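Chain residues, written in single-letter form:
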Amino acid sequence: MSHPENQAALDSSAGSTEPYPYKDEEREDILRMIPDDGKTIGSIGCGFATTEAALVRQGREVHGVDVNEAAIACAKQRITSARVIAPDERRVFEDESLDGLILADVIEHLPAAWEALTIYSRAVRPGGWVVISVPNMRSFNAIYRLFVQGDWPENPTGIFDATHLQNMTKRRLERWCKNADLTIDQWYDRYEIHRRRGRWLKAIDAATFRLFHDFMSFQIEGRWRKNSRPLDRGM
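Residues numbered from 1 in each chain as written. Predicted model: local features only at pLDDT ≥ 70, side-chain atom pairs only at ≥ 80, totals over all residues. Heavy atoms only, no water.

Caption draft 1: Structural view of the packing of aromatic side chains. Counted by the stated rule, this structure contains 5 aromatic pairs. Each ring, one from F140 and one from F215, has its centre 5.6 Å from the other, and the planes form 25 degrees; the classification is stacked. In this pair, F140 is assigned in helix α6 (residues 140-148) and F215 in helix α9 (residues 213-216), connecting sequence segments 75 residues apart. Residue classification places F215 among the partly exposed residues on the basis of a relative accessible area of 22%. Ring geometry for W187 and W224: centres 5.1 Å apart, planes at 80 degrees, overall edge-to-face. Here W224 lies in strand β7 (residues 219-226) and W187 lies in strand β6 (residues 182-188), a separation of 37 residues in the sequence. Judged by its relative accessible area of 27%, W187 falls in the partly exposed class. Above the ring of F160, the side-chain terminus of R145 is found at 5.1 Å from the ring centroid. For the cation-ring pair, K170 lies above W187, with the distance from its terminal atom to the ring centre recorded as 4.5 Å. (Phe/Tyr/Trp six-rings, centres within 6.5 Å; stacked < 30°, edge-to-face > 60°. Helix = DSSP H or I, 4+ residues; strand = E, 2+ residues; numbered from the N terminus. Buried < 20%, exposed > 50% of the residue type's maximum accessible area, 1.4 Å probe, protein only. Lys NZ or Arg CZ within 6 Å of the ring centre and 35° of its normal.)

See below:
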């Protein structure tokens, strides 16, 4: 459920000339990727922690961080702990202190995001999991805008979010995760945020034997496992 007062708090946050439109909504697409194992969970870019609060109700510990003070003020009331971090802060949790980590539409906003992911993943214990969601820049929507309309707009949210610094593809994310010592556990389909359009895309994807699956997907979503080898302290 969305709370207008929370959005108002963000809009009036100090030092924000163009406040980012955080949403106070529970994301089912993220919750479906959370496995049964793992009691201590971290969330980077937790926002209002609406989704993370569902895990707390399951009896888990969830520790969230975000750059927005107004969002964290709300998150503190919903999850085990929440704190504000600097935009360039990378070591936000102690090494191997987490059973799981949530990165829900976060890394595409970061400079040198591949390095950030490697540092973030160190917080997860060997055998633990990392859930990642990023926009798919190879979707038909993005291709149409770029190659047919010849434009790449600056929108407040979505694939063309003006704050995106990284162009994400499945192959690029796979490479980053491999370098971060992560192995894919399961991919998840997300065709569209609009359910009717998503059903059509899912049907077309099935009818074409998933040959064009990478172009049908609105987002790239998956769960990875931290490899069970000794932690590399050299970096």
